Amino acid sequence: MKAVAVIGNPKPASRTRDAAERLAAALGLDCEVLEVAELGAGLLDRDAPHVTAAVQRVQAADVVIAASPTYKGTYTGLLKLFLDRFPTATGLAGQVAVPLMLGAGPAHALAPELTLKPVLVELGATCPAQGLYQLDSTYTSDSALARFTGQWGRTILSAATLRTER
Ligand SMILES: Cc1cc2nc3c(=O)[nH]c(=O)nc-3n(C[C@H](O)[C@H](O)[C@H](O)COP(=O)(O)O)c2cc1C
């Protein structure tokens, strides 16, 4: 089963990336990482071949972890620029997606569910689990990841297995 973590943080090698890799590991998934920031100005060019190739890399995965820091109550504009390159309804069709966001405080704990998940669903993804929100100051030591994988891990993996058997 293949997973890809799409990291929508303007800053590379971020805690957001680390959290996404920890989530993949906790689910027992080998995970390729795509740092959207590394696509650079090509994100603004609809014909940039390296961005098209990045879209295809994401589409080749069974599980897509869409990860972003929380900026102004929502996911980053950088991640949106990349997701806008996927066709509506078919861009992530049949793929399992997990929205993951990190934030500085608890005020936006529903942001992955209310802001990021709807975009993934709009692209055709199946999102069988709640969006995961983690605090940037405690995500390595608190129980949020363990609670999430305990509640949703099997559901995510079962949904992804159905895809691979198709
Ligand atoms: C422009 C900007 C806006 C932010 N807005 C929010 C916010 O609305 N809510 C929140 O909890 N944290 C907010 N933060 C804090 C980041 O979401 C938080 O520090 C994040 O976990 C950083 O992840 P990183 O270490 O991977 O960069 C904001 C940070 C920046 C730079």
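Remember, predicted model here, so these are calculated numbers, not experimental data. (Residues numbered from 1 in each chain as written. Predicted model: local features only at pLDDT ≥ 70, side-chain atom pairs only at ≥ 80, totals over all residues.)

Below, the discussion takes up the nonpolar core. In terms of nonpolar packing, the biggest core is built from 50 residues, with Ala-5, Val-6, Val-63, Val-64, Ile-65, Ala-66 and Leu-100 touching the most fellow members. In terms of residue count, strand β4 (residues 96–103) provides more of this core than any other element does, 6 residues in total. With sequence-adjacent residues up to four places away left out, Ala-5 is seen in contact with Ala-20, Glu-21, Ala-24, Cys-31, Val-33, Leu-34, Ile-65 and Ala-67. (Core = buried A, V, L, I, M, F, W, Y, C linked by C-beta atoms within 7 Å. Buried ≥ 20, exposed ≤ 12 C-beta atoms within 10 Å, placed from the backbone. Helix = DSSP H or I, 4+ residues; strand = E, 2+ residues; numbered from the N terminus. Contact = placed C-beta atoms within 7 Å.)

With that out of the way, let us pick up the sheet that holds strand β5 (residues 132–135). An order of β2-β1-β3-β4-β5 is seen for the 5 strands of this open sheet, with the pairing classed as parallel. Of all the strands in the sheet, the pair left with one neighbour each is β2 (30–35) and β5. Strand-to-strand, the axes of this sheet are offset by a mean angle of 20 degrees, without reference to chain direction. Sheet analysis places strand β1 (residues 2–7) next to strand β3 (residues 63–69), joined by 5 bridges and oriented parallel. When the sheet's bridge partners are listed, Val-6 is paired in β3 with Ala-66. The strands touched by helix α4 (residues 111–122) within the sheet are β3, β4 and β5, with β4 carrying the most contacts at an inclination of about 145 degrees. (Pairing = 2+ DSSP bridges. Axes fitted to C-alpha atoms, helices over the stretch in contact; angles between N-to-C directions.)

To continue, consider α4. Under the 1.5 Å per step criterion, the end-to-end length of α4 is 16 Å for 12 residues, consistent within 8% with the ideal 16 Å. The complete set of buried residues in α4 reads Ala-111, Pro-112, Leu-116, Lys-117 and Leu-120. End-on, the buried residues of α4 take up no more than an arc of 130 degrees, which puts them together on one face. Where the residues of α4 are buried, they touch β3, β4 and β5. (Expected span 1.5 Å × (residues − 1). Arc of directions from axis to C-beta.)

In the neighbourhood of the ligand, 17 residues make up the surrounding shell, with Ser-14, Thr-16, Leu-102, Gly-103 and Asp-136 lying closest. Within the residue set of the shell around the ligand, elements represented by two or more residues are α1 (15–26) and β4. When grouped by side-chain class, the residues that make up the shell around the ligand number 5 nonpolar, 8 polar and 4 charged. (Near = placed C-beta within 6 Å. Nonpolar A, V, L, I, M, F, W, Y, C, P; charged D, E, K, R; others polar.)

Here we take up the pairing of β4. Each regular strand shows side chains that alternate between the opposite faces of the sheet. Of all 8 residues in β4, 8 are buried; the element is thus mostly enclosed. Alternating residues of β4 divide into Val-96, Val-98, Leu-100 and Leu-102 and Ala-97, Pro-99, Met-101 and Gly-103, and every residue in both groups is buried. As paired strands, β3 and β4 are joined by 7 bridges and run parallel to one another. When the sheet's bridge partners are listed, Val-63 is paired in β4 with Val-96. Taken together, β3, helix α3 (residues 77–83) and β4 constitute a β-α-β crossover, and its handedness is right-handed. As paired elements, β4 and β5 share 4 bridges and run parallel to each other. Bridge assignment links Met-101 to a residue of β5, and that residue is Tyr-133. In this view, the connection linking β4 to its parallel neighbour β5 by way of α4 has right-handed handedness. (Right-handed = clockwise from strand over helix to strand, strands pointing away.)

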